[in-house]
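Observations on the model geometry
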Amino acid sequence: MTETVPGSTVGLVSDVEIEDDATYYSRRHAEIYDFIHAARGRDWAGESDELAERVRAVKPDADSLLDVACGTGAHLARLADHFSVTAGFDLSEGMCDMARRNAPRATITSGDMRTFRAERTYDAVVCMCFSLGYMKDREELEAAVAVMADCLAPGGVVIAEPWWFPENFLDGFVSGGIAEKPGLVVSRVSHTVREGNATRMSVNYTVAESRGIRSFAEQELYTLFELDEYLAAFAAAGLRAEYEPGGPSGRGLFTAVRA
Ligand SMILES: C[S@@+](CC[C@H](N)C(=O)[O-])C[C@H]1O[C@@H](n2cnc3c(N)ncnc32)[C@H](O)[C@@H]1O
């Protein structure tokens, strides 16, 4: 069965059982996220060390950091070695629970990057792995970037990773990976197509463990914002952003400070 996730306006549909209103990264997805993506080459510790370097290049005395759409807290677990105060929030309760487990030194809350209000400001605000791509139009993108700007302490820096730009997205892209350890094998295959100014990624997961094999599928929608649309969203939030190609995934990185 395919159903729209209740309460979600991020345009994500899924045929997994929805376990609460606030999330579409289901608990069963959250439980295998780190395992399968590490096998596919994600190195959150290495990314975090580089993030800390980038932050200190702008603000050498930076000592607090907020991770927007922190996922399983894999960055925060390492970033807590670099910053005295670390915090993160995510829309998915399942991801937040994993983050509380993985990053016990960080303060984790559930929240939506389009509306989140922090109780304090941070020297650095990061948003990694194309999470901004979930914004369904310019208005949502501007709202999310404004939230990041509001969370920023004077002299602070925002570092954010975009989804692909329209000109470098490969329509029909397929990808796959398998992660194995004694007693657990997880496979993930994905197919991504263009739908207007968005991309739809269909992902099938199979998990084999001693009690048996289960499979589930998820679909995600990401907007193909142009570089100028990201830059305009930063400018609208009073931030001056620079885009650097490359970054941890090839999609590049934005570094933004108050204009
Ligand atoms: C691809 S994962 C990235 C997680 C983590 N930042 C990383 O680098 O591994 C995307 C995350 O964005 C979160 N997310 C999606 N829409 C969101 C929103 N509107 N507000 C907060 N988090 C959101 C999802 O729940 C998911 O944990």
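Refer to the structure printed above.
Residues numbered from 1 in each chain as written. Predicted model: local features only at pLDDT ≥ 70, side-chain atom pairs only at ≥ 80, totals over all residues.

1. A closer look at helix H2 (residues 44-58)
When the terminal C-alpha atoms of H2 are compared, their 21 Å separation across 15 residues agrees well with the 21 Å that a helix rising 1.5 Å per residue should span. Along H2, the residues classified as buried are Trp44, Glu47, Ser48, Leu51 and Val55. Looking straight down H2, one finds that the buried residues subtend no more than 100 degrees of arc, so they occupy a single side. Summarising the geometry of H2, the exposed residues directed more than 90 degrees from the buried face are Gly46, Glu53 and Ala57. Residues of H2 that are buried sit in contact with helix H3 (74-79), strand E6 (122-127) and strand E7 (152-160). (Helix = DSSP H or I, 4+ residues; strand = E, 2+ residues; numbered from the N terminus. Expected span 1.5 Å × (residues − 1). Buried ≥ 20, exposed ≤ 12 C-beta atoms within 10 Å, placed from the backbone. Arc of directions from axis to C-beta. Contact = placed C-beta atoms within 7 Å.)

2. Section: the environment of Thr192
Position of Thr192 among the secondary structure elements: in strand E9 (residues 184-195). Considered as a pair, Thr192 and Glu209 are 17 residues apart in the sequence and their alpha carbons are 28 Å apart. For Thr192, the residues in contact, after removing those within four places along its chain, are Phe173, Thr199, Arg200 and Met201.

3. Side note on the packing of helix H1 (residues 27-39) against helix H4 (residues 93-102)
Packed helix pairs are characterised by how far apart their axes lie and by the angle those axes make with each other. Put simply, H1 and H4 touch, their axes get as near as 7 Å, and they point 40 degrees apart. Classed by the angle they form, the pair H1 and H4 counts as oblique. Helix-helix and strand crossings are classified by hand; for H1 and H4 the assignment is right-handed. Where H1 approaches H4, its residues Arg27, His29 and Ala30 are matched on the opposing element by Gly94, Met95, Asp97 and Met98. The residue inventory of the contact of H1 with H4, partitioned by class, reads three nonpolar, two polar and two charged. (Axes fitted to C-alpha atoms, helices over the stretch in contact; angles between N-to-C directions. Parallel < 35°, antiparallel > 145°, perpendicular 65-115°, else oblique. Left-handed = near helix turned anticlockwise from the far one by under 90°. Nonpolar A, V, L, I, M, F, W, Y, C, P; charged D, E, K, R; others polar.)

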